[in-house]
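# Coordinate analysis (summary)
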Amino acid sequence: MALLTLPKNHKPRFSNFNIDGILDETLREGSERCPFSISTDKKIPLISNIFDTGIRDIVFGSGPNDPTDLASVIKQLTHQDKLPSDAKFSFIMLLNCHEPLMKQFKYFPDEFKKYVTISFGMVSHRSDEKIFEKTTEELRSYGFTSFRVSLLNNFSAGVDEKSYEKIIKEIDRTLYMDINVVRINDSLGTIYPEAMTVLAANLRHDYPLVNFCMHAHNDRGLGLQNALVSIYNGFNLIEGGFAGTGNRSGLPAIEILNFIFKEKSISINNKYLDKPLVLDTARLTERTFLSIPDLYRPISGHIVEQENMGVANIPSFLGASREIPYFLNSIGLHDATLQKIMFDEGLFDAASDPMLIQQIKEKFDRMLIEVCSKKEREFEKIRNQLDQFYSTDVLYTSSVGKYTRDFLK
C-alpha cells in the first residue's frame, strides 16, 4: 500500500499564527503513569495551578471512579471560588469498558455538566453494534452537550493509504454524530515528523472545518516535534502535560511548548500562558505524582537556569550571559576564570599575581575533590532509597495474580 503524500499546493505555517486551544493531559496521564494511586484531594492544588496558568481544558481521567471524583473536584473548586466559568474537564470514555461508568454520569449533578466534555476512545470497538453512537445518544439524554473523539493509531509503519482510510472512516462516524473535535492519537509514540506532516496536511485539506489535535507520545523522543508539526500543518488544537508527564516516556512538556510559542508568536486563543505559573505548575506536577525532579529538562529542569562559570561556558562566550546563578566545578577551574572572578570581586592585586592564582586554584581543586567524594557517598544512599521506593509496594500483574489466588483460597 502506497504511503500518503502531501496535498497539492499545501503550505505550512511556522510562526505568527493563533491556535484555538490547548488540552492539558497532566492529571489523566500523570495518574496513569504514577505507580501509586494519588488521591483526588491531593490533586486539587495542581488543578488550581493549571487553571491559573490560563489553560481551560483539563483531561481529568478515565478510571472507574473518576466520574464521581470529577463531580467532587468541581464542587470543591466551586466552593473555593477557584473554578473559571469557561473551564472544561474531559473524561476519556473508553468504549470497551464504559458500561459501569454510565450510571455515574446518569446521576452526575446537572449544574456541573456544563464543565464536562466526554472524549470517546476506542470508537471502533463493536462498531457493528454501534456502541459509540448509542452511548453518545444516551449521554445526550442525560444532559451532556460537549463531546470529542480520540482515534487510536499504530503508526509504526508510517501512514499509508489504508491506515488513512481507517482514520477518515472514524472521522466520518464522528461527524455524523455531530461531534467536530477529533484527537489523533499516536498511541505507541512511533510516528516520525515527516509522516506527521503528511497526515496533518491531508486531514486539514480533507476536513477544513474539523477541530484537530495531536496526542503525541514521546517514545522516540519526538513528541514535542510531532505536536509542533501538527499545528504547523493545520491542526488548530495542541496538547501536552506539565513536566512532560505522560505514559511511558511522556508527552510534550507544556512549559516547553509555551516557551516556543512566545518565541514564534504562536498564541492560544490570542493569549499566552503565564510563564512563572507554568514553571511552578511543572514543578508541582513532579511533587504531586511523586516524581524525582528532572535536573536538565528544558525550561523547568531543577538546574537549567544555572551555568558553569568557567571559560568553557559557551553561552557566555557568545554573549548570552544571563542573570542566573553561576557555579564553579573542576571543568571551569581555569586561571582565566579565577582572574575574572577576582576582578569582579575587586581583588585586583590577587588577580595580577600568577603564583597566588595557582595556590588558590590548588585549594579549590582539593575542595572540589573532597566535596565530590562526599556527594558520591550521599548520592549512592539516595539512589538505593529511590530504587527501593519505586520497586516496592507496586501492584505489578504478578502481584495481582498472587493476591487474587490468596483471596480465592
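Further up the page is the structure itself.
Presented here is a report on the structure given in the accompanying data block. (Residues numbered from 1 in each chain as written. Predicted model: local features only at pLDDT ≥ 70, side-chain atom pairs only at ≥ 80, totals over all residues. Heavy atoms only, no water.)

### Some remarks on the side chain of N247
Along the polypeptide, N247 turns up in the loop between strand 9 (237-240) and helix 9 (254-264). Among the polar contacts listed, one links the side chain of N247 to the side chain of E32, at a separation of 2.5 Å. With sequence-adjacent residues up to four places away left out, N247 is seen in contact with E29, E32, R33 and H217. (Helix = DSSP H or I, 4+ residues; strand = E, 2+ residues; numbered from the N terminus. Polar contact = N/O pair within 3.5 Å; in protein donor to acceptor, adjacent residues only side chain to side chain. Contact = heavy atoms within 4.5 Å.)

### A closer look at the packing of helix 2 (residues 40-53) against helix 3 (residues 66-79)
Contact geometry for helix 2 and helix 3: axes closest at 11 Å, N-to-C directions at 60 degrees. With respect to helix 3, the axis of helix 2 lies oblique. Handedness of the helix 2/helix 3 crossing: right-handed. On helix 3, the residues that touch T40, D41, I44, I47, S48 and F51 of helix 2 are D69, V73, Q76 and L77. Each residue belonging to the contact of helix 2 with helix 3 can be placed in one class, and the counts come to five nonpolar, three polar and two charged. (Axes fitted to C-alpha atoms, helices over the stretch in contact; angles between N-to-C directions. Parallel < 35°, antiparallel > 145°, perpendicular 65-115°, else oblique. Left-handed = near helix turned anticlockwise from the far one by under 90°. Nonpolar A, V, L, I, M, F, W, Y, C, P; charged D, E, K, R; others polar.)

### A short note on the pairing of strand 5 (residues 116-121)
Counted residue by residue, strand 5 has six buried out of six residues, so it is predominantly covered. Here strand 5 shows two buried faces, one formed by V116, I118 and F120 and the other by T117, S119 and G121. The pairing of strand 4 (residues 88-94) with strand 5 spans six bridges and is parallel. Opposite M93, over in strand 5, you have F120 as the bridge partner. At this point the chain moves from strand 4, through helix 4 (residues 99-106), to the parallel strand 5, and the crossover so formed is right-handed. (Buried < 20%, exposed > 50% of the residue type's maximum accessible area, 1.4 Å probe, protein only. Pairing = 2+ DSSP bridges. Right-handed = clockwise from strand over helix to strand, strands pointing away.)

### Some points on the packing of aromatic side chains
According to the stated counting rule, one finds 14 aromatic pairs in the structure shown. A ring pair is formed by F51 and F89, whose centres lie 5.5 Å apart and whose planes are at 80 degrees; its orientation type is edge-to-face. Here F89 lies in strand 4 and F51 lies in helix 2, a separation of 38 residues in the sequence. Comparing F51 with F89 shows no difference in burial state: the two are buried. Relative to Y390, the ring of F389 has its centre 5.0 Å away and its plane inclined at 90 degrees; by these criteria the two rings are edge-to-face. Judged by its relative accessible area of 38%, F389 is partly exposed. Classification of Y390 by relative accessible area gives partly exposed; the value is 27%. Connected via pairs of aromatic rings, a cluster forms that spans F91, F105, F108 and F144. (Phe/Tyr/Trp six-rings, centres within 6.5 Å; stacked < 30°, edge-to-face > 60°.)

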